[in-house]
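These are the residues of each chain, in order.
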Amino acid sequence: MKDECGVFGVFGIEDAARLAYLGLYALQHRGEESAGIVSLDAGHFYVVKEMGLVSDVFHEDNLSYLKGKTAIGHVRYSTTGSNNINNIQPLYSKTAKGKLAIAHNGNLTNAFTIYKRLKEEGALFQSTVDSETILHLIARSKEKSVTAAFQKALAEVQGAYSLVCLGENFLMAARDPYGFRPLVLGRLEDGYIVTSETCALDLIGAEYVREIENGEMIYIDDTGITSFRIPVVAKPAFCVFEHVYFSRPDSLVFGENVHLVRKEFGKTLAREYPIDADLVMAIPDSGNSAALGYAQESGIPFEIGMTRNHYVGRTFIQPNQKIRDFNVKVKLNPISSVLKGKRVVVIDDSLVRGTTSKQRVAAIRKAGASEVHLRISSPPVMFPCHFGIDTPKREKLIATQKTLEEIRRFVGADSLGYLSREGMLASISNIKSDKFCTACFDGNYPLKVQDKGKYTFEKRNINLYAQKG
Ligand code: AMP
């Protein structure tokens, strides 16, 4: 099952669940379908998890129920309906190693093979989430110590995982040997925080300490932190799409601020695809930073050409009357007083299926723009992600079906330019370009995907990508 998720762990701080709740608020963009927290108090686990946004799931009563100074939390896009509450993370279980709860961001590419084997051996699966295989592997391990059991389990699973795990007296965190997804360590008072993005540390006033390294596992208990290596050799493959689209602009991801990286993408794009125009605008919010960079580099003024309604949830009641382009308009509205008669450069972060871009270009034109030049601050998305970003099937990706000129015509732009792969990597200054996974753009998967298409234990019955819009 493919997940886009955020994780948060607290060790040794009063009201841990309330901190986790705030942290999950900051990570909401990483998963809007369900949220959960498991807290630990005197060896007992307290659990709250439900479908919905963080603000829907948690309230005063259930936060007071989540006692203790240690907790983990999770937000995710789930793939099946509300009846599938078993799939909401954190998952938890009683094992021979004590009670364990786990929250995972990423996608395990051999989970189906492990699942089949364990099921044949008699394991009872509670959910259809790939992360549950890790719990089973630990539970069945012959290793005496929980850290050794964990290390072995993590050496067996393949793919992407940034995870936090709660035991009866410890918090553990691990990042896969490729380091696909981010995971950072922070300090607050005498305790520790582990979370997907630094924006969650900022919100609770925690100090950023460092990234959990790729291939690192940390164990935190009352005596402090111990670091272990996961015994798998791999070349780093940090997900470049975290910088392109997924992470929040105020986060430090893989050691670099996302907004500044996106601004560099925009500057490079302006050099690669210049155009004579009156203004540069973004598709809010995903194109904001790159649009600013494009404007600064080209000298063309930046303008707000479209506003976004921030209060639109994932679903809304459709109007009875037929309102044209309702789904686009309810979220984004062009400002015709700005756009009328203007030659506009429109910046968006990525072009995936092309359908929303087509509607947006049409809306900008209808608002009076005389020319619409679409610039995309990443290369064409050509391949599905197997490591935790929800992408449609290959044949649904517009760049696999059409030439550049055909895409331009399809989206209805006067010109179209994508940031080159080289330009994208050169824009990320601190990290060597060979440390990124760019598989969605070039098909170079950093590891062989064993269970391609099979790790979906159940058939996905809703296409969430299509829903997100
Ligand atoms: P489209 O080309 O019509 O499929 O839509 C592209 C838009 O979707 C861009 O504005 C992106 O910000 C956004 N987007 C890119 N990747 C994803 C994803 N994995 N999930 C949801 N939205 C995405």
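A quick note: this is a predicted structure, and the numbers were derived from the prediction, not measured.

**Some details on the pairing of strand β21 (residues 371–376)**
Most of β21 is tucked away, with 5 of its 6 residues classed as buried. Two strands pair when backbone bridges link them, and strand β20 (residues 343–348) and β21 are joined in this way by 6 bridges, in the parallel orientation. Looking at β21, one finds that I347 is bridged to R375. For the crossover that starts at β20, traverses helix α13 (residues 355–366) and ends in the parallel β21, the hand is right-handed. Pairing analysis gives 4 bridges linking β21 to strand β22 (residues 415–418), with the strands arranged parallel.

**Quick look at the environment of N309**
Looking at where N309 falls in the secondary structure, it is placed in the loop between β18 (306–308) and α11 (326–329). Exposure remark for N309: the relative accessible area of 34% places this residue in the partly exposed category. In sequence terms N309 and Q401 are 92 residues apart; their C-alpha atoms lie 32 Å from each other. Setting aside its immediate chain neighbours within four residues, N309 contacts V330 and K331. Of note is the side chain of N309, whose polar atom sits 2.8 Å from the backbone nitrogen of Y311.

**Describing a negative patch on the surface**
A surface patch of negative charge is lined by E14, D15, E189 and D190. If you trace the backbone, D190 turns up in the loop between β9 (184–188) and β10 (191–195).

Conventions used here
- Residues numbered from 1 in each chain as written.
- Predicted model: local features only at pLDDT ≥ 70, side-chain atom pairs only at ≥ 80, totals over all residues.
- Heavy atoms only, no water.
- Buried < 20%, exposed > 50% of the residue type's maximum accessible area, 1.4 Å probe, protein only.
- Helix = DSSP H or I, 4+ residues; strand = E, 2+ residues; numbered from the N terminus.
- Pairing = 2+ DSSP bridges.
- Right-handed = clockwise from strand over helix to strand, strands pointing away.
- Contact = heavy atoms within 4.5 Å.
- Polar contact = N/O pair within 3.5 Å; in protein donor to acceptor, adjacent residues only side chain to side chain.
- Patch = residues over 30% accessible without salt bridge, like charges linked within 9 Å, V, L, I, M, F, W, Y side chains within 5 Å.
- Areas by Shrake-Rupley, 256 points an atom, 1.4 Å probe, with all protein chains shown as cover.
- Salt bridge = Lys/Arg side-chain N within 4 Å of Asp/Glu carboxyl O.
- Lys, Arg positive; Asp, Glu negative; His and termini not counted.
- Charge placed at Lys NZ, Arg CZ, Asp CG, Glu CD.

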